[in-house]
Amino acid sequence: MMRSLNTAGTGMVAQQLNLDTISNNLANVNTTGFKAQRADFQDLIYQTYRLSGASSGSNVAQPVAMQIGLGTQFASTSTDFSSGALQSTNNPTDLAITGEGFFKIELPNGTNAYTRDGSFKTNSSGELVTNDGYLVVPNITIPAGSTQVTVSQNGIVSCQVPGQNQPQTLGTLKVTLFANPGGLTRVGQNLYTPGGASGDPVDVDPGENGSGQIQSGFVEGSNVQIVTEMVNMITAQRAYEINSKAVQTADDMLSVLNSMKPQ
């Protein structure tokens, strides 16, 4: 079988995965705190027929190698952690991080996850939770009947409690940093969990150690650029078409070979 059939086939598979990634980005263009991904590829092993520098006799060395590539493979997905646009909500429990870092969330099994989605709510006990009801860490409880809830840029949460003249401090939110955010594992629901290469989570006060500050009354929008994704989608489509054309051409050449008869 001609190598070009398999080689072009790997190109078609690669563009399918590329389109899968692009489609996920476009599907999450309105997802709060979503970070766009990019599919990365690498070439496969090469068949080497002659090495560069090989002697061809009479003290003459070949200046270049003779190699045939065998296609491409899916290597990884890279994440763009640049900040998305802030969207005003006028809701004091909607929070955005204006820089690096994540909010820490406690899952029902007691483990922690991390998110850039700060569209927080309060449950029946007044605790600050995510849209799925997962507790925000550290735990913040807003007393019933309290008014004028405020969250400062350095994470201090306070409110006005009826019958008290001074605002009551409820706690201080932290921001979690990772040495390699690209090593985090996406688990859905706008959540990440630590991966083997992400490094250990480090909790800091907002604005410290390079972390972003907290902006109350805003949520962070998706950083997906629709125009960029549309251009990438067209490029992937054209690459898929040209690889399929290579498969068809290789098949036509094999048909000609098979139809040859000895004279």
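Structure first, text after, so check above.
Each value, and the rule that gives it
- Residues numbered from 1 in each chain as written.
- Predicted model: local features only at pLDDT ≥ 70, side-chain atom pairs only at ≥ 80, totals over all residues.
- Heavy atoms only, no water.
- Core = buried A, V, L, I, M, F, W, Y, C linked by side-chain atoms within 4.5 Å.
- Buried < 20%, exposed > 50% of the residue type's maximum accessible area, 1.4 Å probe, protein only.
- Helix = DSSP H or I, 4+ residues; strand = E, 2+ residues; numbered from the N terminus.
- Contact = heavy atoms within 4.5 Å.
- Pairing = 2+ DSSP bridges.
- Axes fitted to C-alpha atoms, helices over the stretch in contact; angles between N-to-C directions.
- Parallel < 35°, antiparallel > 145°, perpendicular 65-115°, else oblique.
- Left-handed = near helix turned anticlockwise from the far one by under 90°.
- Nonpolar A, V, L, I, M, F, W, Y, C, P; charged D, E, K, R; others polar.

Quick look at the nonpolar core now. Of all hydrophobic cores here, the largest spans 22 residues; its most connected members are Leu95, Phe120, Leu173 and Ile214. Of all the elements in the fold, those that place two or more residues in this core are β6 (95–98), β7 (103–106), β12 (147–151) and β13 (156–160). With near-sequence residues (within four places) excluded, Leu173 lies in contact with Leu95, Val136, Pro138, Ile140, Val151, Asn154, Gly155, Val157, Pro206 and Ile214. Listed in part, the five residues of the second largest apolar core include Phe102, Phe178, Leu184 and Tyr192.

With four bridges connecting them, β7 and strand β8 (residues 112–115) associate as antiparallel partners. Bridge pairing in β8 places Phe103 opposite Thr115. Linking β7 to β8, which pair antiparallel, is a turn of five residues; within it Gly110 sits at a positive phi near 90 degrees.

In contact at an axis separation of 9 Å, helix α1 (residues 3–27) and helix α2 (residues 226–259) are set at 160 degrees when each is read in the N-to-C sense. Here α2 runs roughly antiparallel to α1, going by the angle between their axes. The two elements α1 and α2 cross, and the hand of that crossing is left-handed. When its residues are assigned to classes, the contact of α1 with α2 shows 15 nonpolar, 10 polar and two charged.

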